[in-house]
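# Structural overview for review
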Amino acid sequence: MADNLDVRWRRLHWRCRRGMRELDVVLTRYVNSCAALPAAEGMRELALIEQLLELQDPELQRYLLAGESPENPELAALVARIAAPPRLR
């Protein structure tokens, strides 16, 4: 199961490369920070990110760079987590 999850995270990392530098940076930074989550939490977050990446780039740009929020509450919460400044450790 852990190997399958690792493969999904790597695929997701690749899908974050959208062709718009700003989106690439924001999405990749967040996916990298989530890859080490515990399995159950990671699976939920991975599924949400996959759902978010199904959106077209103009929508992602509005949500992640222009401050708009998706109607779906789970996606809105994910967008807020992605857009939040990185935490210092």
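Not measured: the values here are computed from a predicted model. Residue indices begin from 1 for each chain and proceed along its sequence in written order. Reporting of local features is limited, given that this is a predicted model, to residues whose pLDDT is at least 70; pairs of side-chain atoms are given and counted only at 80 or more, and all residues count toward the totals for whole chains, interfaces and linings. The side-chain values count all of the structure's non-hydrogen atoms but skip hydrogen atoms and water molecules.

### Examining the pattern of salt bridges
- Any carboxyl oxygen of Asp or Glu within 4 Å of a side-chain nitrogen of Lys or Arg constitutes a salt bridge here. Per the counting criterion, the structure on display carries six salt bridges.
- Two residues, Arg15 and Glu54, come together in a salt bridge whose shortest N-O distance is 3.1 Å. Remark: Glu54 occurs in the loop between α3 (39–52) and α4 (57–64) and Arg15 occurs in helix α1 (residues 2–15); sequence separation between them is 39 residues.
- Judged by its relative accessible area of 57%, Glu54 is exposed. Helix numbering and strand numbering both begin at the N terminus, where a helix is a DSSP run of H or I of at least 4 residues and a strand a DSSP run of E of at least 2. With a 1.4 Å probe rolled over the protein chains alone, any residue whose accessible area is under 20% of its type maximum counts as buried; one over 50% counts as exposed, and the rest are partly exposed.

### Regarding the packing of aromatic side chains
- Each Phe, Tyr or Trp ring (for Trp, its six-membered ring) is paired with any other whose centre lies within 6.5 Å, and the angle between the two planes then decides the class: stacked below 30 degrees, edge-to-face above 60, tilted in between. Inspection of the entire model under this criterion finds zero aromatic pairs.
- The aromatic ring of Tyr63 is capped on one face by Arg62, whose charged end is 5.8 Å from the ring centroid. Put simply, a charge is over a ring when the Lys NZ or the Arg CZ is close to the ring centre, within 6 Å, and near the line of the ring normal, within 35 degrees.

### Remarks on α3
- Helix span, as expected, comes to 1.5 Å for every residue beyond the first. Taking 1.5 Å per residue, 14 residues should reach 20 Å; α3 reaches 20 Å between its end C-alpha atoms and fits that length.
- The complete set of buried residues in α3 reads Gly42, Glu45, Leu46, Leu48, Ile49 and Leu52. Buried residues of α3, viewed axially, fall in a sector of 165 degrees; they line one side. Away from its buried face, by an angle of more than 90 degrees, α3 presents the exposed residues Ala40 and Arg44. Directions are taken from the helix axis to each C-beta atom, and the arc is the one they span.

### Overview of the side chain of Asp24
- Along the chain, the position of Asp24 falls in helix α2 (residues 21–34).
- Residue contacts follow a heavy-atom distance rule, with two residues in contact if any of their heavy atoms lie within 4.5 Å. With residues up to four places along the chain from it excluded, the contact list for Asp24 reads Cys16, Arg17, Arg18 and Gly19.

### A word on the confidence of the model for the protein
- For the protein, the mean per-residue pLDDT works out to 88, and 93% of the residues sit at or above 70.
- Scored between 0 and 100, pLDDT is the confidence that the predictor attaches to each residue. Between the elements of the protein, mean pLDDT differs from a low of 82, seen in α1, to a high of 95, seen in helix α5 (residues 73–83).

### Here's the deal with the side chain of Glu45
- Mapped onto the fold, Glu45 is located in helix α3.
- Residue Glu45 is classed as buried on the basis of its relative accessible area, which comes to 9%.
- N or O atoms within 3.5 Å of each other form a polar contact, as long as, within protein, one can give a hydrogen and the other can take it, and as long as residues adjacent in sequence are counted only when both atoms are side-chain atoms. Within polar-contact distance, the side chain of Glu45 engages the side chain of Arg81 at 3.0 Å.
- The contacts of Glu45, once residues within four sequence positions are left out, are Tyr30, Cys34, Leu37, Leu78 and Arg81.

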